[in-house]
Structure formats: structure tokens, C-alpha cells
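Overview (structure and organization)
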Amino acid sequence: LIQLDLHKNRLAYESELAADREAEKQANNTPQSADEWNQFYKGLEKDLATSRFLFVSEKLKLRSFKGEKTNHKKEQMIYLCEKASGFIGTLSETLSKGVIKSEVKLKDGKIFSRFSGIDSKGVTVKATEGSRKVLWGEIATSSILDLHNISVNSGDLSEFEKNLRLEQAIAYAWLGGERSKARSAAVNLMKSSPPFKDRWSECMKFLNE
């Protein structure tokens, strides 16, 4: 079912991206200012805020920049988006296998302490007026990271799997605005994973963090 959801999402993304392709081609053929990345990135903020990471990744792949450094920056954003998307997919698959006792805090401040289901789209919460579906993009980044911690601590995972999930969580935290948490977790992971240390150092070098 998760794979089916991902396939449906992919089709929806491709439909939306088709409308952007001509505009991107035209943008690539016109002179670009020094702040070309900032202007383009601003157009991605809404999709990033709603956790549409695969969609953002595809938009980035469609766009080429004239500056070599900017293209490197684009590649690092693609890396973060694909890791963050993997984070949501892995988390939803893990948590769907059992009942997790935790609360879910939304970005608008609402808190739900009971929920009955989790899938690739979001969480089904229980409220006084009945059950409702809350999309991942509606949930506060810190609350989702708490769910991640529960899923990792409650599972019997290998060191490799833990490192992989932590790398995904770091990317998600960085894109979700929890950059202090992302940097702190990255420092710890770099101590035990030289490959991640190289990837993260390269990523932050071009994203100026």
C-alpha cells in the first residue's frame, strides 16, 4: 500500500511538473541575476513546508543554473530532499506496524494524544468530534522527530540501519527548520560514520551552514 501511495504521488507530481517544464526552459534561456538561487528557492518554500520533498527534488532536477557553485548547491538540496522523503516513508512504514503511545503536535499549536493509524500520507488522530487525517506537512517538525526517536528506540535495528535513519532524520530536520537539532545530530553521526561526514561536510559547504 505504501508503494501504491508513492506511485500515486509520483503521478501527481509528474502532472504538476509538466506545467513547470516550459517555464523552466524559458528561465534557463534568459540572463540570471546574482541571486538566482535565492529567487528560485523562494518558490520551493511552500512545497518544503508541506513536506513535498520528492516534488521539490524533481523541480530541482529540471532546473540548471549558469553558475557552477549554484548547480552544486542544487545537487545538495536534491540530496537533502531525497533523504527527507525517505525519512517520512521509513517512519510511516515502521510506525504503522504497531500502536505508538505519543502525542502529535500540529504547526498551528493543536495537540492530539491519541491516534489510530499512520500511513505514507499522515496520521489519523482521534478528537472529541471524531477521527481526522492529519497530513505529515501539518505536523510540527519537532513532533515528527519525536516519533522518529520512539520508532528507533523501540525497534531492534542494526547499527547500519540506525545510521541510515539518523541521516534521513537529519535531512528532514534541516529542511523542516530544526537546523540546530540537525547540526547537533550530524556532529554525533559524523563521529561514527566517515561516509556521512564527507557527505554532510560537502552539503553544508555549498549551502553555507
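To start, this report covers the structure provided alongside it.

Cut-offs applied
Residues numbered from 1 in each chain as written. Predicted model: local features only at pLDDT ≥ 70, side-chain atom pairs only at ≥ 80, totals over all residues. Heavy atoms only, no water. Helix = DSSP H or I, 4+ residues; strand = E, 2+ residues; numbered from the N terminus. Buried < 20%, exposed > 50% of the residue type's maximum accessible area, 1.4 Å probe, protein only. Contact = heavy atoms within 4.5 Å. 1 Å grid on protein atoms, 1.4 Å probe; cavity = no way out; pocket = protein on both sides within 12 Å on 5 of 7 lines; lining within 4 Å. Points joined across faces, edges and corners; volume = space filled by probe spheres on them. Nonpolar A, V, L, I, M, F, W, Y, C, P; charged D, E, K, R; others polar. Pairing = 2+ DSSP bridges. Axes fitted to C-alpha atoms, helices over the stretch in contact; angles between N-to-C directions. Salt bridge = Lys/Arg side-chain N within 4 Å of Asp/Glu carboxyl O. Parallel < 35°, antiparallel > 145°, perpendicular 65-115°, else oblique. Left-handed = near helix turned anticlockwise from the far one by under 90°. Expected span 1.5 Å × (residues − 1). Core = buried A, V, L, I, M, F, W, Y, C linked by side-chain atoms within 4.5 Å.

A count of helices and strands for the protein gives 9 helices and 5 strands. For the protein, the N- to C-terminal ordering of α and β elements is α-α-α-α-α-β-β-β-β-β-α-α-α-α. Counting all 209 residues of the protein, 43% fall into the buried class. Sequence-distant contacts, at least 24 apart, represent 61% of the contacts inside the protein between residues at least 6 apart.

Right, let's get into the layout of surface pockets. The calculated volume of the second largest pocket comes to roughly 170 Å³. Along its surface, the second largest pocket is lined by Leu145, Asp146, His148, Asn149, Leu166, Ala169, Ile170, Ala173, Lys181, Ala182 and Ala185. At the level of elements, α6 (141-153), α7 (159-175) and α8 (179-192) are the ones that each hand at least two residues to the lining of the second largest pocket. Residues of the lining of the second largest pocket, tallied by class, amount to 7 nonpolar, 2 polar and 2 charged.

Judged by pairing direction, the sheet is antiparallel, and its 3 strands sit side by side in the order β3-β4-β5 without closing on themselves. Unpaired on one side and paired on the other, β3 (115-118) and β5 (130-135) mark the two borders of the sheet. Pairwise comparison of adjacent strand axes, ignoring direction, gives a mean angle of 20 degrees for this sheet. Of the pairings in the sheet, the one linking β3 to strand β4 (residues 122-127) comprises 3 bridges and is antiparallel in character. Residue pairing across strands places Gly117 opposite Thr124, the latter belonging to β4.

Here we take up the pattern of salt bridges. The tally for this structure, following the rule as stated, stands at 9 salt bridges. Where Glu82 meets Lys61, a salt bridge forms, and the shortest distance between an N and an O atom there is 2.8 Å. Here Lys61 lies in helix α4 (residues 53-62) and Glu82 lies in helix α5 (residues 68-95), a separation of 21 residues in the sequence. The closest approach of N and O atoms between Asp119 and Lys133, which form a salt bridge, is 3.0 Å. Here Asp119, found in the loop between β3 and β4, pairs with Lys133, found in strand β5; they are 14 residues apart in sequence, far enough to count as distant. Among the residues examined, Lys133 registers a relative accessible area of 34% and is labelled partly exposed. Taken together, the shared-partner salt bridges connect Glu58, Lys61 and Glu82 into one network.

What follows is about the packing of α5 against helix α9 (residues 194-207). Contact geometry for α5 and α9: axes closest at 9 Å, N-to-C directions at 130 degrees. By the angle between their directions, the pair α5 and α9 is classed as oblique. Crossing hand, α5 versus α9: left-handed. Residue-level inspection shows Lys69, His72, Lys73, Gln76, Met77, Tyr79 and Leu80 of α5 in contact with α9, the latter providing Phe196, Arg199, Trp200, Glu202, Cys203, Phe206 and Leu207. In the contact of α5 with α9, the residues fall into 8 nonpolar, 2 polar and 4 charged.

Another point: α6. Between its first and last C-alpha, α6 extends 19 Å over 13 residues, near the 18 Å set by a 1.5 Å rise per residue. What α6 keeps buried is the set Thr141, Ser143, Ile144, Leu145, Leu147, His148, Ser151 and Val152. Those residues of α6 that are buried lie in contact with α5, β1 (104-105), β3, α7 and α8.

Moving on, we come to the nonpolar core. Counting 49 residues, the largest nonpolar core has Leu48, Leu60, Met77, Leu80, Trp136, Trp174 and Leu175 as the members making the most contacts within it. Sorting elements by how many residues they give to this core places α5 first, with 10 residues. In this structure Met77 touches Trp37, Tyr41, Leu48, Leu60, Trp174, Leu175 and Leu207, once residues within four positions along its chain are discounted.

Position of Gln168 among the secondary structure elements: in helix α7. Dropping the residues within four chain positions of it, Gln168 is found in contact with Lys83, Ala84, Gly86, Phe87 and Thr90.

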